[in-house]
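Listed below, chain by chain, are the residues.
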Amino acid sequence: MSGPILVINPNSNPEVTAGLEEAVAPFRLGGGPEIECHTLAEGPFGIESQAHSDLVVAPLVQWAEGRPDAGAIVIACYSDPGLETLREKLACPVFGMQESGVLAALGRGDLVGVIAAATPSIRRHRRYLRRMGALDRLAGEAPLELTVAETGGEGAWPKLLAAGEALKAEGAEALVLGCAGMARHRGRLEEALGTPVIEPVQAAVAAALGALLPR
């Protein structure tokens, strides 16, 4: 059997990691690779700026190099910090949640919408989509104006629902949760909106399973 899928939360908030544990639970398959969720202790409490994203690359690399047993690594931050660096340095496949989530959403709808934690994140997200060549498939982004820590709480729900409805009105046929803290809300939001909602860490773990399961 291959090594485990390591899901790394690059911020230091253990509540976000707990939400990721819930999100990936259905992917723990009998006979499949183990899935471990970890918190980067050196990271900021929430990655909410380009500076925060840049700050975690070095400790992410150090952490990953300390796990040569990894079958695959998933970066559980919507900025995908350190993705290209880890791919360059490691032999195992590395998946970023933003890249994986967007690719999954493009398979569910012609236009996609992204729910962002806050307005400052949107410019960073759009730069990434431009590099992916997917910006013309973006219906829009709707910010919750919450911190990463706040996105996982019940108080985020009314804003998530309103953001999803606004993006549907802009033509989005599939929605992406643009922050790992939102993972707990995926199923409820999809049911309420009647629209596919992609939780990007789940999308990345699914891709990792596809790479590791026996062919």
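All of these numbers come straight from a predicted model, not from anything done at the bench.

Colleague: Outline the sheet that holds strand β6 (residues 138–143), supporting the account with residue identities and numerical values.
Modeller: The strand order β6-β5-β7-β8 describes an open sheet built from four strands, whose pairing is parallel. Each edge of the sheet is formed by a strand with only one pairing partner; in this case those strands are β6 and β8 (197–198). Across five bridges, strand β5 (residues 112–116) lies against strand β7 (residues 174–178) in parallel orientation. The partner of I115 across the bridge, within β7, is L177. Those strands touched by helix α5 (residues 97–106) are β5, β7 and β8, and its axis lies near 170 degrees from that of β7.

Colleague: Pulling in residues and values, what's your account of the packing of aromatic side chains?
Modeller: Both the distance between ring centres and the angle between the ring planes are used here to describe each pair of aromatic rings. For the structure shown, the criterion picks out zero aromatic pairs. One residue, R131, lies across the ring of Y128, its end atom 5.1 Å from the ring centre. Seen from the ring of W157, R188 lies directly overhead, with NZ or CZ sitting 3.9 Å from the centre.

Colleague: Account for the pairing of β7, naming residues and giving values.
Modeller: The buried count for β7 comes to five of five residues, which makes it a mostly enclosed element. With burial as the criterion, each face of β7 is covered, one bearing A174, V176 and G178 and the other bearing L175 and L177. As a crossover connection, the stretch from β7 through helix α9 (residues 186–193) into β8 is right-handed.

Colleague: Go over the sheet that holds strand β2 (residues 35–39), please, and point to the residues and values.
Modeller: With respect to topology, four strands assemble into an open sheet ordered β2-β1-β3-β4, the strand pairing being parallel. The sheet is open, and its two borders are formed by β2 and β4 (94–96), each paired with just one other strand. Here the strands of the sheet are splayed against their neighbours by 20 degrees on average, with no regard to which way each runs. In the packing of helix α1 (residues 14–24) onto the sheet, the strands contacted are β1 (5–9) and β2, and the crossing angle to β2 comes to about 165 degrees. Lying over the sheet, α5 contacts β3 (72–75) and β4, oriented at roughly 70 degrees with respect to β4.

Colleague: Summarise unusual backbone geometry; cite the residues concerned and give the values.
Modeller: One non-glycine residue, D80, lies in the positive phi region at around 50 degrees. Residue position: D80 is located in the loop between β3 and α4 (83–89). You will see that E145, though not glycine, has its phi angle at about 60 degrees, which is positive. You can see E145 is positioned in the loop between β6 and α7 (148–151). For E145, a relative accessible area of 44% translates into the label partly exposed.

Calculation rules
Residues numbered from 1 in each chain as written. Predicted model: local features only at pLDDT ≥ 70, side-chain atom pairs only at ≥ 80, totals over all residues. Heavy atoms only, no water. Pairing = 2+ DSSP bridges. Helix = DSSP H or I, 4+ residues; strand = E, 2+ residues; numbered from the N terminus. Contact = heavy atoms within 4.5 Å. Axes fitted to C-alpha atoms, helices over the stretch in contact; angles between N-to-C directions. Phe/Tyr/Trp six-rings, centres within 6.5 Å; stacked < 30°, edge-to-face > 60°. Lys NZ or Arg CZ within 6 Å of the ring centre and 35° of its normal. Buried < 20%, exposed > 50% of the residue type's maximum accessible area, 1.4 Å probe, protein only. Right-handed = clockwise from strand over helix to strand, strands pointing away.

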